[in-house]
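Per-entry structural report
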Amino acid sequence: MARNITVAAAQMGPIQRADDRASVVARLLELMREAHAMGCRLVVFPELTLTTFFPRWIMMDQADIDAYFEAEMPGSETRVLFETAAELGIGFHLGYAELTLENGAPRHFNTAILVDGSGRIVGKYRKVHLPGHAEPDNTRSAQHLEKRYFDVGDLGFPVWRAFDGVVGMCICNDRRWPETFRVMGLQGVELVALGYNTPNTNTQTYEPYHLRMFHNHLVMQAGAYQNSTYVVAAAKAGVEDGHGLIGGSCIIAPWGEILAQAQTEEDELVVARIDLDLCTFGKESVFNFAAHRRIEHYGLICERTGAETPPE
Ligand code: CDV
């Protein structure tokens, strides 16, 4: 029997620095209701959905930084998302900046949660591959201070049984690393939910816009194909306080093709009806890991971080 579900990537247009949480949550609710009306069981929102992409700003006062973080999830301003999800019976994925206390010490993570159709959090992921730099760099036209504002995620790449399948999560830069998808692939992942904020220009060197979008899709299509999993990817897009973000939100099939893609750089639902059983063919043929992987030759992947060339 087919395991058909309808899913949505909910692309978000820009969120300006001056926009408050209430206005963002109102936009999320509208997308959630629209997704429900289109028969979706799961709607995927982007990375750091609730605010502007704040790592582009230099902030020295920790209180200013912490204002972008959620100390509770759900909190007073986000609870309505969970209540509406339960009322409609629709699940969602939400990226946000998480502030938590561990043994009394503050920890900051770039986090995503998976919420089921009863409004219950079933999974949490904390971003592992933090891009950018830790020290302000005035040679750049915009900062990318994720390494300054966030701790490296400490939860690995788990998967969860949800939405009649096996669901995993990763966040933005994680999608560029094959290890991300393979660790989930080794747990039989059938749907990877992910959100991203990808600047439309490279602040260190000239890079044509079309390559930014090409690489965005290339890595997600490869991850989907090589692990025979669907990918539901939601961007934050458009111009935030003068800084452009690519869109290109999409839903990718386990054979690597894009099934549906955003047309705008605004709030937009990208919807597809998918059959999770179609993950099986790839997992049992070309990417039958048990039959074909050769782990005796992969040791370097876990032993060595950076590349080392052989001596001359
Ligand atoms: N938010 C991100 O992780 N952005 C990175 C940029 C810096 C390249 C990305 O991989 O899209």
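Anyway, here's the lowdown on the structure attached to this text.

Thresholds applied
Residues numbered from 1 in each chain as written. Predicted model: local features only at pLDDT ≥ 70, side-chain atom pairs only at ≥ 80, totals over all residues. Heavy atoms only, no water. Helix = DSSP H or I, 4+ residues; strand = E, 2+ residues; numbered from the N terminus. Buried < 20%, exposed > 50% of the residue type's maximum accessible area, 1.4 Å probe, protein only. Contact = heavy atoms within 4.5 Å. Phe/Tyr/Trp six-rings, centres within 6.5 Å; stacked < 30°, edge-to-face > 60°. Pairing = 2+ DSSP bridges. Axes fitted to C-alpha atoms, helices over the stretch in contact; angles between N-to-C directions. Near = heavy atom within 4 Å. Polar contact = N/O pair within 3.5 Å; in protein donor to acceptor, adjacent residues only side chain to side chain. Nonpolar A, V, L, I, M, F, W, Y, C, P; charged D, E, K, R; others polar. Core = buried A, V, L, I, M, F, W, Y, C linked by side-chain atoms within 4.5 Å. Arc of directions from axis to C-beta. Salt bridge = Lys/Arg side-chain N within 4 Å of Asp/Glu carboxyl O. Disulfide = S-S within 2.5 Å. Patch = residues over 30% accessible without salt bridge, like charges linked within 9 Å, V, L, I, M, F, W, Y side chains within 5 Å. Areas by Shrake-Rupley, 256 points an atom, 1.4 Å probe, with all protein chains shown as cover.

1. Considerations on the overall build of the protein
- Check the secondary structure of the protein and you find 9 helices and 14 strands.
- The C-alpha extent of the protein, read off along each of the three principal axes, is 65 × 55 × 45 Å.
- Per-residue burial over the protein gives 52% buried out of 312 residues.
- Sequence-distant contacts, at least 24 apart, represent 70% of the contacts inside the protein between residues at least 6 apart.

2. As for the packing of aromatic side chains
- Scanning all chains against the criterion turns up 9 aromatic pairs.
- When the centroid spacing of 6.1 Å and the interplanar angle of 35 degrees are considered together, the rings of Phe54 and Tyr149 count as tilted. Here Tyr149 lies in helix α4 (residues 146-149) and Phe54 lies in the loop between β2 (42-44) and α2 (62-66), a separation of 95 residues in the sequence. Pair check on accessibility: Phe54 and Tyr149 agree, each one buried.

3. Considerations on the sheet that holds strand β6 (residues 159-162)
- On the basis of which strands lie adjacent, the open sheet formed by 6 strands has the order β6-β7-β8-β9-β12-β13 and mixed pairing. Here the strands that pair on one side only, and so sit at the sheet edges, are β6 and β13 (258-261). Pairwise comparison of adjacent strand axes, ignoring direction, gives a mean angle of 20 degrees for this sheet.
- Sheet topology places strand β7 (residues 165-171) next to strand β8 (residues 191-196); 5 bridges connect them, and they run parallel. Opposite Val167, over in β8, you have Leu191 as the bridge partner.
- Each of β6, β7, β8 and β9 (230-235) touches helix α5 (residues 178-185); the most contacted strand, β7, lies at about 160 degrees to it.

4. Comments concerning the site of the ligand
- Around the ligand, the surrounding shell consists of Glu47, Phe53, Lys127, Pro131, His144, Glu146, Cys172, Asn173, Arg175, Arg176, Asn197 and Thr198.
- Measuring from a nitrogen atom of the ligand, one finds a side-chain N or O atom of Glu146 at 3.1 Å.
- Taken together, the residues of the shell around the ligand break down into 3 nonpolar, 4 polar and 5 charged.

5. Regarding the nonpolar core
- In terms of nonpolar packing, the biggest core is built from 50 residues, with Leu191, Leu194, Met220, Val231 and Ile274 touching the most fellow members.
- Sort the elements by how many residues they give to this core and β9 lands first, with 6 residues.
- Setting aside chain neighbours within four positions, we find Ile274 in contact with Arg3, Asn4, Ile5, Val7, Leu191, Tyr230, Ile251 and Leu259.
- Within the second largest apolar cluster, 27 residues are counted, among which are Leu28, Ile90, Leu94 and Leu269.

6. Side note on α5
- Those residues of α5 that fall on the buried side of the exposure criterion are Thr180, Phe181, Met184 and Gly185. Projection of α5 onto a plane perpendicular to its axis shows the buried side chains occupying an angular sector of 130 degrees, all on one side.

7. Some points on the pattern of salt bridges
- Overall, the coordinates contain 22 salt bridges when judged by the stated rule.
- The closest approach of N and O atoms between Glu190 and Arg3, which form a salt bridge, is 2.8 Å. Of this pair, Glu190 sits in the loop between α5 and β8 while Arg3 sits in the segment before β1 (4-11); the two residues are 187 residues apart in sequence, bridging distant segments of the chain.
- Accessibility expressed as a relative area gives 10% for Glu190, which makes it buried.
- The closest approach of N and O atoms between Lys127 and Glu146, which form a salt bridge, is 2.8 Å.

8. As for the state of the cysteines
- Counted by the stated rule, this structure contains 0 disulfides.
- Here Cys250 stays unpaired: no disulfide links it, and the sulfur of Cys170, its closest cysteine neighbor, is 12 Å away.
- Residue Cys250 is classed as buried on the basis of its relative accessible area, which comes to 0%.

9. Considerations on a nonpolar patch on the surface
- A cluster of nonpolar side chains, Trp255, Leu259 and Leu278, forms an exposed patch at the surface whose accessible area comes to about 280 Å².
- In this fold, Leu259 is placed in strand β13.
- By relative accessible area, Leu259 is classed as partly exposed at 40%.

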